[in-house]
Amino acid sequence: MTNEANPFESLQSQIDSAAVHLDVSADVLERLKRPERVLETNLTVEMDDGSIEVFEAFRSQFNGDRGPYKGGIRFHPGVTRDEVKALSGWMVYKTAVVDIPYGGGKGGVVIDPSEYSESELERVTRSFATELRPFIGVNKDIPAPDVNTGQREMNWIKDTYETLEDTTEPGVITGKAPDSGGSLGRVEATGRSTMLTAREAFDWLGRDIADATVAVQGYGNAGWIAAKLIQDLGADVVAVSDSSGAIHNPDGLDTRDVKAHKNETGGVAGYPEAAEEFGNDDLLTLDVDLLVPAALENAIDADLAVDVQADVIAEAANGPLTPGADEVLADTDTYVFPDILTNAGGVTVSYFEWVQNRQRFYWSEERVNDELEVIIVDAFEDLVAAYEDHDVETLREAAYVLAIQRVVDAFEESGTWP
Ligand code: NAD
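Computed from a prediction, not measured in an experiment: that's the story for all the values here.

About the cut-offs
Residues numbered from 1 in each chain as written. Predicted model: local features only at pLDDT ≥ 70, side-chain atom pairs only at ≥ 80, totals over all residues. Heavy atoms only, no water. Core = buried A, V, L, I, M, F, W, Y, C linked by side-chain atoms within 4.5 Å. Buried < 20%, exposed > 50% of the residue type's maximum accessible area, 1.4 Å probe, protein only. Helix = DSSP H or I, 4+ residues; strand = E, 2+ residues; numbered from the N terminus. Contact = heavy atoms within 4.5 Å. Domains from an automatic or database assignment. Salt bridge = Lys/Arg side-chain N within 4 Å of Asp/Glu carboxyl O. Nonpolar A, V, L, I, M, F, W, Y, C, P; charged D, E, K, R; others polar. Near = heavy atom within 4 Å. Polar contact = N/O pair within 3.5 Å; in protein donor to acceptor, adjacent residues only side chain to side chain. Phe/Tyr/Trp six-rings, centres within 6.5 Å; stacked < 30°, edge-to-face > 60°. Axes fitted to C-alpha atoms, helices over the stretch in contact; angles between N-to-C directions. Parallel < 35°, antiparallel > 145°, perpendicular 65-115°, else oblique. Left-handed = near helix turned anticlockwise from the far one by under 90°.

Draft legend 1. Up close: the nonpolar core. Residues Tyr93, Ile230 and Leu290 are the most contacted members of the largest nonpolar core, which totals 89 residues. Examining the composition of this core, we find that 11 residues originate from one element, helix H15 (residues 395-414), more than from any other. Contact partners of Ile230, with chain neighbours within four places excluded, come to Met195, Ala198, Ile209, Val214, Ala235, Leu290 and Val292. In terms of nonpolar packing, the next biggest core, distinct from the first, is built from 23 residues, Phe55, Ile73, Tyr161 and Val172 among them.

Have a look at this one:
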């Protein structure tokens, strides 16, 4: 994996190239390229042995023109201020593409969670929640899980917030366990929108996804669920990877069995039914019909893109292609379905969770999946319409055109506060 691009600069260049196709003034555009505010804090946390450690943490509130800021919190040693800013910007455009009433935000703590005990992680999370408390709220900013965080951390944040505020307000955070006000279907939502996007993409191209071969990079929440649901459509998932390595079987892998192996051993490497093990770059350049990058950003740079052979890329991860890779692939027959549509299932079911929390009325999983399908299929149709109606080179540009127009409309309809 290469990390050539600053993700915040990637975001800004994506906005610039889409804005060329829109009637938006330079000053409004400048506003859309910067976060409204960024909280930078240092969490002072007691370790199990009584020592004190300090963790850098960030929350970026990028744009709230269409509703409260919305976006995950990641725990990763590579978190930077610019990464958090970029991810919060992508959330603005993601919520706009699927047309749910939110702006965009994102948070991160610079930590490798594998090096800490559960009680230490709980204190880190509660410390961050305490710092976040004045900034978040059911109508202000609603965090959610991201890399290395999940229901456990969301429940801790909810409990910290509710204790400090002396209230019950589960809608202050989403991605909670169902017993704590979480929505059914949330865990599978990102993989499900990836599957729906891929299914619609093959349909749009006049092909049947049941005949497709598929490679999936990253076998965490987004990647493994996408692999399973795409396999359930009849496609052959021939290669998957995670940080332990990549495995390949041209006859197809049993995605559930690979997951069971990962649960047992900690990684996909060493899966006994794999025909071969190879590197992550081999997976990304495999001759498959569909490639699903579902790990971290900048997985494919311009050099690697030259060797990409997939016909369709469905970006389950956020920002897995650098702008250089986009440029290379724009001149090929590969269709790249951008992250802000493909992985929007997570934020869409977060939205359903927030709606259910506010209504104090909970939906069946079937209803959640049905409502998600409607939103993703509608957004897919809006996206390909934007692609066909504007003189854009890529589906990503089309997604930004669609999203930026929606944010600009909301901003301009509100007028300007002095
Ligand atoms: P996760 O932590 O559950 O999984 C990440 C996976 O990537 C793990 O299997 C890990 O081993 C693998 N990985 C890490 N480095 C790798 C490498 N160099 N090569 C191959 N695999 C590698 O995280 P997740 O929730 O699945 O998120 C993955 C991506 O999807 C992120 O970009 C995240 O922002 C995005 N995303 C997730 C959600 C969600 O709801 N989970 C929503 C929207 C976007």
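Draft legend 2. The domain arrangement of the protein, seen in detail. Under the domain assignment used here, the protein contains domain 1 (35-171) and domain 2 (189-342). Averaged C-alpha coordinates put domain 1 and domain 2 at centres separated by 28 Å. Contact with domain 1, which involves 12 residues of that partner, is made by 7 residues of domain 2. At the surface where domain 1 touches domain 2, the tally comes to 1 salt bridge. Between Arg74 and Glu297 there is a salt bridge whose closest N-O contact spans 3.4 Å. Among the secondary structure elements, those contributing two or more residues to the side of domain 1 that touches domain 2 are strand S3 (69-76) and helix H3 (81-97). Take the side of domain 1 that touches domain 2: its biggest share by element is 6 residues, from H3. Class assignment for the residues of the side of domain 1 that touches domain 2 results in 6 nonpolar, 1 polar and 5 charged.

Draft legend 3. How the structure looks around the site of the ligand. Around the ligand sit 24 residues in total, of which Thr190, Ala222, Ser243, Asn280 and Asn318 are the nearest. The contact in question runs from an oxygen atom of the ligand to an N or O atom on the side chain of Lys262, over 3.4 Å. Take Asn280: an N or O atom from its side chain is 2.9 Å from a nitrogen atom of the ligand. Mapped onto the shell around the ligand, the elements with two or more residues apiece are helix H7 (221-232) and strand S7 (236-242). Residues of the shell around the ligand, tallied by class, amount to 8 nonpolar, 11 polar and 5 charged. Built from parts of two domains, the shell around the ligand gets at least three residues from each of domain 1 (35-171) and domain 2 (189-342).

Draft legend 4. Spatial organisation of the pattern of salt bridges. If you walk through the whole model with that rule in mind, you get 34 salt bridges. Of the charged contacts, one joins Arg74 and Glu83 as a salt bridge, the two residues approaching to 3.3 Å between their closest N and O atoms. The pair Arg74 / Glu83 is uniform in exposure class, with both members buried. In this structure, the salt-bridge partner of Arg396 is Glu315, at a minimum N-O distance of 2.8 Å. You can see Arg396 sitting in helix H15 and its partner Glu315 sitting in the loop between strand S11 (312-314) and helix H11 (323-330), a full 81 residues away along the chain. What you see here is one network of salt bridges that share partners, running through Arg74, Glu83, Lys106, Asp146 and Glu297.

Draft legend 5. Highlighting the packing of aromatic side chains. Counted by the stated rule, this structure contains 12 aromatic pairs. A centroid spacing of 5.7 Å and a plane angle of 85 degrees characterise the contact between Tyr102 and Tyr351, whose relative ring orientation is edge-to-face. Of this pair, Tyr102 sits in the loop between H3 and strand S4 (104-110) while Tyr351 is found in helix H13 (residues 345-359), placing the two residues 249 residues apart along the sequence. Judged by relative accessible area, which is 0%, Tyr102 ranks as buried. Considering the side-chain rings of Trp204 and Tyr335, the 5.5 Å spacing of their centres and the 80 degrees angle between planes classify their relative orientation as edge-to-face. Taken as a pair, Trp204 in helix H6 (residues 189-204) and Tyr335 in strand S12 (residues 335-337) lie far apart in primary sequence, 131 residues in all. For Trp204, a relative accessible area of 26% corresponds to the partly exposed category. Of the residues examined, Tyr335 reaches a relative accessible area of 29% and is grouped as partly exposed. Each residue in the set Tyr102, Tyr351, Phe352, Trp354 and Trp363 is aromatic and connected to the rest through ring pairs, giving one cluster.

Draft legend 6. Just the packing of H6 against H13, in detail. The contact between H6 and H13 brings their axes to 7 Å, and the two run at 125 degrees. With respect to H13, the element H6 is oriented oblique. Between H6 and H13 lies a crossing of right-handed hand. For the pair H6 and H13, contact is made by Ala189, Thr190 and Ser193 and by Gly345, Gly346 and Val349, respectively. Looking at the contact of H6 with H13 residue by residue, the classes come out as 2 nonpolar, 4 polar and no charged.

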